[in-house]
Amino acid sequence: MSDSIASFVKTIKGDVVTPENPDYAKSIARWAKNAERKAKVVVHVKDAEDVVKSISYAKEHKLPIAIRGGGHNAAGASSSEDGLVIDLNRHLNHVRVDAENKLGYVGGGAIWAQVDQEAIKYGLATVGGTVNHTGVAGLTLGGGYGWLSGRHGLAIDNLKQATIVTANGSILTASDTQNQDLFWAIRGGGSNFGIATELVYQLHPQRKTVFAGNAVYTPDKVEKLIELTKKWWDNVGEDEGMIQGVTVAPDGKPIFVIIFFYNGSEAEGRAHYKEFFDVGPVVDTVSEIPYERLNSQLNAQVAHGRCYYLKGVSQVSPNYQATVELLQKVAGLAKGGVFSTSMLHEYFPMAKANSVPVSATAFRRQGASNILTSISWEEDVGKTKEARDLAKELVDIVIRGQGNSLDDAEKSGYTNYGHEDIDVPSANLGSLTGDHAAKRADLAYASNYPRLQEIKKTYDPENIFNRWYPITPA
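Because the structure is a prediction, the values reported are computed rather than measured. (Residues numbered from 1 in each chain as written. Predicted model: local features only at pLDDT ≥ 70, side-chain atom pairs only at ≥ 80, totals over all residues. Heavy atoms only, no water.)

(A) Representation of the UniProt feature "domain: FAD-binding PCMH-type" (unreviewed entry) in the protein chain. UniProt annotation of "domain: FAD-binding PCMH-type" (unreviewed entry) refers to residues 34-206 when read in the numbering used here. Split by type, residues 34-206 is 24% helix and 26% strand. Its first and last C-alpha atoms lie 37 Å apart. (UniProt positions renumbered as here; feature names shortened; annotations may be inferred. Helix = DSSP H or I, 4+ residues; strand = E, 2+ residues; numbered from the N terminus.)

Right, dumping it as structure tokens:
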């Protein structure tokens, strides 16, 4: 250990891990194997002061900085080759509920399972991720769609306050009444403005059980299911939602999976979705479950330790021919024996989220709903380029099926579902200011980008926070 690291260690309340430390492999491990990078230093911070000292050390020694919350970014945004990682997950993962004021105080390193489990003890909940081992901060600051979006909007719409450590070492409270420009920017601008050590959420009354689960259909049922989906989506209410998945069964045959959600009892849910069940699923595990299990339904499909490539796109309306083509494509990929592929079409009611003006937060709101392309494979990280090409082929099928209904931003997809958009090489930060990066930022933030650039100039003029759709300071 060098003298500079040894001196730094003495100033930190948390844990400082370097490559010779027995804890090093665990400290750089990520949800996606191909997101791991060999950091020079990992600092498991205990408080905001530790974050301040870590930023100062990184700047002094010209080390690129990455922020690890839940470590769930497949492109490696929470990792840094030969850089310094500020890890919030080990120590800053608290969840405290103020039941009287319906507020949740959440550490920047917490995951959604912790929030769901703690809040429902008081009959409360907020909008969270549909995979509950996702980090709270990353999902929120990137927008945050979820099963409760129909009733409560996006995660950022329920964010009341955040504690942010900025590039100059200031510890700031961002809210509607304090540092309003920063509060505007972080709600959709991600980690570009500082490190969120605590977030405060509005919680809402929530029943203890909900109707949810998987129904699996054979491809011959898809035409009828798409017809029913269009009819249902035109009249969707705030207490319901679906994710429709195009994937394959364990035997490699294509299947169409619907994850149903209804914020009510099983009797109410089955009655509400009766026409879908009448089509005849070959597997039906939909039932009344404890609320805290709602956001765990996809966990088995996205387990830790595999390689992942994610790509987003949008859709205005489901398209039968495109769905058939996707089923054929994923079945063909399965025969290759390398990649596991799924296309997840999200149907979360958008009215509440889109009742918030586009200019009210930095997030790019849109009428189209999200589709996530997820490709996974075993540990050969060298296959990421091949997975990227396959993901583009799948997304192109969706775009063709939508005709001229998508603009360029919608074609680029939801920012939290990006991959190559945010895979910034730590050794080549100069690429951030190129035309390619600027185009991606324009698509990610749309009309809000110029204001984000101005705020970036105020809080991070040297652009040290640059791992997620990096914003060029004005």
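So that's the structure; there's more coming.
(B) View of helix 11 (residues 320-335). The terminal C-alpha atoms of helix 11 lie 23 Å apart, and with 16 residues this matches the ideal 22 Å at 1.5 Å per residue to within 8%. All of the buried residues along helix 11 are Ala322, Thr323, Leu326, Leu327, Val330, Ala331 and Leu333. Considering only its buried residues, helix 11 is in contact with helix 8 (222-233), strand 13 (240-248), strand 14 (254-262), strand 18 (340-347) and helix 13 (384-401). A side-chain oxygen of the first residue of helix 11 lies 3.1 Å from the backbone nitrogen of Gln321; this N-cap is Asn319. Phi for Gly337, located one or two positions after helix 11, is positive at around 75°. (Expected span 1.5 Å × (residues − 1). Buried < 20%, exposed > 50% of the residue type's maximum accessible area, 1.4 Å probe, protein only. Contact = heavy atoms within 4.5 Å. Polar contact = N/O pair within 3.5 Å; in protein donor to acceptor, adjacent residues only side chain to side chain.)

(C) Main features of the pattern of salt bridges. Under the defined criterion, the tally for this structure stands at 20 salt bridges. Among the ionic pairs, Arg68 bridges to Asp87, the shortest N-O distance being 3.2 Å. Taken together, the positions of Arg68 in strand 3 (residues 65-68) and Asp87 in strand 4 (residues 84-87) put the pair 19 residues apart, joining distant regions of the chain. Note on accessibility: Arg68 and Asp87 belong to one class, buried. Connected through salt bridges with shared partners, the residues Asp15, Asp23 and Arg90 form a single ionic network. (Salt bridge = Lys/Arg side-chain N within 4 Å of Asp/Glu carboxyl O.)

(D) View of the packing of aromatic side chains. All chains considered together, the criterion is met by 22 aromatic pairs. Centre to centre, the rings of Phe260 and Phe276 are 5.8 Å apart; their planes meet at 75°, and the pair counts as edge-to-face. With Phe260 in strand 14 and Phe276 in helix 10 (residues 274-278), this residue pair connects regions lying 16 residues apart in the sequence. Residue Phe260 is classed as buried on the basis of its relative accessible area of 0%. (Phe/Tyr/Trp six-rings, centres within 6.5 Å; stacked < 30°, edge-to-face > 60°.)

(E) Representation of the nonpolar core. Within the largest apolar cluster, 75 residues are counted, with the highest numbers of intra-cluster contacts made by Tyr217, Phe260, Tyr273 and Phe276. Per-element tally for this core: the top contributor is helix 13, with eight residues. If sequence neighbours within four positions are ignored, Phe276 has contacts with Tyr217, Leu225, Leu228, Thr229, Trp232, Met242, Ile258 and Phe260. (Core = buried A, V, L, I, M, F, W, Y, C linked by side-chain atoms within 4.5 Å.)

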